[in-house]
Amino acid sequence: MTPQQIPVHSPAVPAAQAFTDASAAVDRLEELYGIATTYLCDQFRHALRSGPDGHRIRAFYPEIRITTTSFAQVDSRLSFGHVSEPGTHRATITRPDLFRNYLEQQISLLVGNHGVPVTIGVSDTPIPVHFAVAAKSDMTVPQEGAAEFTLRDIFDVPDLSTTNDDIVNGMHNHDEDDVGPLAPFTAQRVDYSLARLSHYTATDAEHFQNHVLFTNYQFYVTEFEAYARQMLADPKTGYTSFVSTGNVEISDAETPIAPVDKQPQMPTYHLKRADGSGITLVNIGVGPSNAKTATDHIAVLRPHAWIMVGHCAGLRNSQSLGDFVLAHAYLREDHVLDDDLPVWVPIPALAEVQIAMEQAVAEVTELKGYDLKRVMRTGTVATIDNRNWELREHAGPVQRLSQSRAIALDMESATIAANGYRFRVPYGTLLCVSDKPLHGELKLPGMASGFYKTQVARHLMIGIRAMETLREMPLERLHSRKLRSFDETAFL
């Protein structure tokens, strides 16, 4: 019997149903997802214990589908919440419990703008068994050959044809049956990133907040924890808990957190609010590859903003160690996104984020207007993939830096901004000058220690203040049309 002839067993599920109430629609998504994953987990346990029963086991992701017959008369200022043209659009959904607030918001906009219901049913995309058991602490999928049967003969495994960035990269417009995408990511793509996030950050996806700060130094973590404890000591701040590596969560400011034996590749910390509008800090380390990896996966959580608050090399002699750099343009020589977003694509500065960061610098430094230029420069930030670029022949790199009018150089900022642009996540960069290699001030141990002690707390506080400003901004203003093309998905 060929694999195509093996009978397939699937769970019984409710028929597709139309909904105009977003909460009820998400309830049905949760029901369908729960039926599917419970069935897969039960069958997987049985197969491991007793062996397969001679048939394939398959369950499917739920989906949201909407069909419209006319162009919607929507507020032209909105960049999301409506499909771009009449027809049928759909999105496969995973972890509706994790994305409930997001799904309710997007479905409400869709129904309100088009005046038609959404249909909730089962898709034709199988759920890989790896993703079904991911949330079960007592279950793991054995490596190929470790089980007494061939896994892919019985269960579905991840499929790269549905685990990619074709939608956000503008490479996927309609399926073979002329159905367009409704959301920027497929369910398998989301599941893949949820698993990767847990691996790289050592914290679960449900802890991530809507506002993400990236840094490239561990020094910021100590200051972030200290700030978090101050916020937890005052219930009026609205912050409810702090999550550290290994999903250690505290709600009392005095609760100690034991150090971990082994740090993950990208240690991540979360200062949480009940509605998810808190702040997440990710120490991505050094290099554009890490920056891309982190943002590739965090993007599926649809954060409202991410900002880089790291250290950089100052390129102007007029700069001093400790000065701030607010990026308004990027020179991209990181090379990690060239296939997804060509370097000829401009990465614009976003006014809403720029203003929030400049106001935060003024507030924390207590400098205003022209005096602010004493400690902050605005200009182009160059991002490269060679940490020791200073050791190479200088004529080429220095000429490009000069022609670009760059004022600072690092290894992460342009990557984070470019991926924000690609994934439609509002982005920004505020760096702190830690060395001036073109002018004889290298980052040496004796110089660095004093600099870090005096500047880290102030720099981090500026990033936090900027995020708190953005938190109060209406979504339709923050998620502006600047990040959306002329053929976009309805969902953010």
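None of these values were measured; they are calculated from a predicted model. Numbering of residues starts from 1 in each chain and follows the order in which that chain's sequence is written. Residue-level local features of this predicted model are given only where pLDDT is at least 70; pairs of side-chain atoms are given and counted only at 80 or more, and the full residue set underlies all totals for whole chains, interfaces and linings. Side-chain metrics rest on all non-hydrogen atoms present in the structure, leaving aside hydrogens and water.

**Some words on the pairing of strand β6 (residues 118-126)**
Quick note on the threshold: Here the rule is simple: two strands pair whenever DSSP picks up at least two bridges between them. A run of H or I in DSSP counts as a helix once it spans at least four residues, and a run of E counts as a strand once it spans at least two, with each numbered from the N terminus.
Bridge analysis of strand β2 (residues 17-19) against β6 gives three bridges, and the strand direction is antiparallel. Looking across to β6, one finds that F19 is bridged to V118. One ladder, built from five bridges, connects strand β4 (residues 60-68) with β6; its direction is antiparallel. Bridging across to β6, E63 finds its partner in G121.

**What about the packing of helix α7 (residues 288-298) against helix α10 (residues 413-423)?**
What counts, and what does not: Simply put, an axis is a line fit to the C-alpha atoms, just over the touching stretch for a helix, and the angle between two N-to-C directions goes from 0 to 180 degrees. With respect to orientation, any angle under 35 degrees is reported as roughly parallel, any angle over 145 as roughly antiparallel, any angle of 65 to 115 as roughly perpendicular, and every other angle as oblique. Take the far helix as the reference: if the near one is turned anticlockwise from it by less than a right angle, the crossing is left-handed, and if turned clockwise, right-handed. In what follows, residue pairs with any heavy atoms lying within 4.5 Å of each other are defined as contacts.
Two numbers describe how α7 lies on α10: the axes approach to 9 Å, and their chain directions differ by 30 degrees. Judged by the angle between their axes, α7 and α10 are roughly parallel. Regarding α7 and α10, the two cross each other, and that crossing is right-handed. Along the contact surface, α7 presents P288, A291, K292, T295 and D296, while α10 presents T415, I416, N419, R422 and F423.

**A word on unusual backbone geometry**
Although it is not a glycine, D178 adopts a positive phi angle of roughly 65 degrees. Tracing the sequence through the fold places D178 in the loop between α4 (151-154) and β7 (180-181).

**Focus: the state of the cysteines**
Convention followed: Throughout, a disulfide means two cysteine sulfur atoms within 2.5 Å of one another. Think of it in three bands: with a 1.4 Å probe and only protein chains considered, a residue is buried below 20% of the maximum accessible area for its type, exposed above 50%, and partly exposed in between.
Scanning the entire structure with this criterion turns up zero disulfides. You can see C432 has no disulfide; the closest cysteine sulfur is in C312, sitting 7.2 Å from it. Judged by its relative accessible area of 0%, C432 falls in the buried class.

**Some thoughts on the pattern of salt bridges**
Here is the rule: Each reported salt bridge corresponds to a side-chain nitrogen of Lys or Arg within 4 Å of a carboxyl oxygen of Asp or Glu.
Per the counting criterion, the structure on display carries 25 salt bridges. Put simply, R45 and D42 hold a salt bridge, and the shortest N to O gap is 3.4 Å. Of this pair, R45 and D42 both sit in helix α1 (residues 22-50), three residues apart, which is roughly one turn of that helix. R229 is paired through a salt bridge with E225; the nearest N and O atoms lie 3.0 Å apart. Here E225 and R229 lie together in helix α6 (residues 219-232), a separation of four residues that amounts to about one turn. Overall, the relative accessible area of 23% leaves E225 in the partly exposed class.

**So, the confidence of the model for the protein chain**
How we decide: pLDDT is defined as a per-residue confidence score from the predictor, taking values between 0 and 100.
Mean pLDDT for the protein chain: 88, with 90% of residues reaching 70 or above. β2 holds the highest mean pLDDT among the elements of the protein chain, 98, whereas helix α9 (residues 395-403) holds the lowest, 75.

**Focus on the packing of aromatic side chains**
Note the following rule: The rule is short: rings of Phe, Tyr and Trp, with Trp giving its six-membered ring, pair when the centres are within 6.5 Å, and they are stacked under 30 degrees, edge-to-face over 60, tilted in between. Throughout this description, the term charge over a ring refers to an Arg CZ or Lys NZ atom that lies within 6 Å of the ring centre and within 35 degrees of the ring normal.
A full pass over the atoms with the stated rule returns eight aromatic pairs. When the ring centre of Y239 is taken as origin, the NZ or CZ atom of R273, which lies over that ring, is 5.4 Å away.

**Re the layout of surface pockets**
We apply this condition: Using only the protein atoms, space was sampled on a 1 Å grid; points where a 1.4 Å probe fits but cannot get out form cavities, open sets with protein on both sides within 12 Å along at least five of seven lines form pockets, and lining residues are those with an atom within 4 Å of a point. Grid points are joined across faces, edges and corners, and a volume is the space filled by probe spheres set on the points. In this classification, Asp, Glu, Lys and Arg are treated as charged, Ala, Val, Leu, Ile, Met, Phe, Trp, Tyr, Cys and Pro as nonpolar, and every other residue, Gly included, as polar.
Volume-wise, the largest pocket comes out at about 720 Å³. Lining the largest pocket are 32 residues, and of these N101, Y102, N210, D275 and G276 sit closest to its centre. Mapped by element, the contributors of at least two residues to the lining of the largest pocket are α2 (100-114), β8 (211-215), β11 (268-273), α11 (445-471) and α12 (475-478). The biggest single contributor to the lining of the largest pocket is α2, with four residues. Here the lining of the largest pocket is built from residues that sort into 15 nonpolar, nine polar and eight charged.

**Overview of the side chain of N290**
Note the threshold: The definition of a polar contact used here is a pair of N or O atoms within 3.5 Å, where within protein one atom must be able to donate a hydrogen and the other to accept one, and adjacent residues in sequence count solely through side-chain atom pairs.
Within the secondary structure layout, N290 lies in helix α7. What makes N290 buried here is its relative accessible area of 16%. Within the structure, the side chain of N290 is placed 3.0 Å from the side chain of Q265, a separation counted as a polar contact. In this structure the side chain of N290 is engaged in a polar contact, spanning 2.8 Å, whose partner is the backbone oxygen of I284. Look past the residues within four positions of N290 in its chain and what remains in contact with it is Q265, M266, I284 and G285.

**Focus: α10**
Counting buried residues in α10 gives ten out of eleven residues, a clear majority hidden from the surface. Considered for burial, the residues of α10 that qualify are S413, A414, T415, I416, A417, A418, N419, G420, R422 and F423. Residue R424 follows α10 closely and has a positive phi angle near 60 degrees.

**Comments concerning empty space enclosed by the protein**
If you roll a probe as big as a water molecule over the atoms, it shows you where there is empty space left. Within the structure shown, the criterion is met by six cavities of 30 Å³ or more. Volume-wise, the largest cavity comes out at about 170 Å³. If you list the elements that add at least two residues to the lining of the largest cavity, you get α2 and α5 (187-201). Its residues assigned to classes, the lining of the largest cavity shows eleven nonpolar, two polar and one charged. Estimates place the volume of the second largest cavity at around 50 Å³.

**So, the sheet that holds strand β5 (residues 87-92)**
Paired through backbone hydrogen bonds, the strands of a sheet run either parallel or antiparallel to each other. Across the sheet, which stays open at both edges, the five strands sit in the order β2-β6-β4-β5-β7 with mixed pairing between neighbours. Edge positions in the sheet fall to β2 and β7, since each of these pairs with one other strand and no more. Along the sheet, α2 makes contact with β2, β4 and β6, crossing β4 at roughly 25 degrees. The strands touched by α5 are β4, β5 and β6; relative to β4, the strand with the most contacts, the crossing angle is about 135 degrees.

**Points about the side chain of S244**
One can find S244 in strand β9 (residues 239-244). Owing to a relative accessible area of 7%, S244 belongs among the buried residues under this scheme. For S244, the residues in contact, after removing those within four places along its chain, are T203, I257, T268 and Y269.

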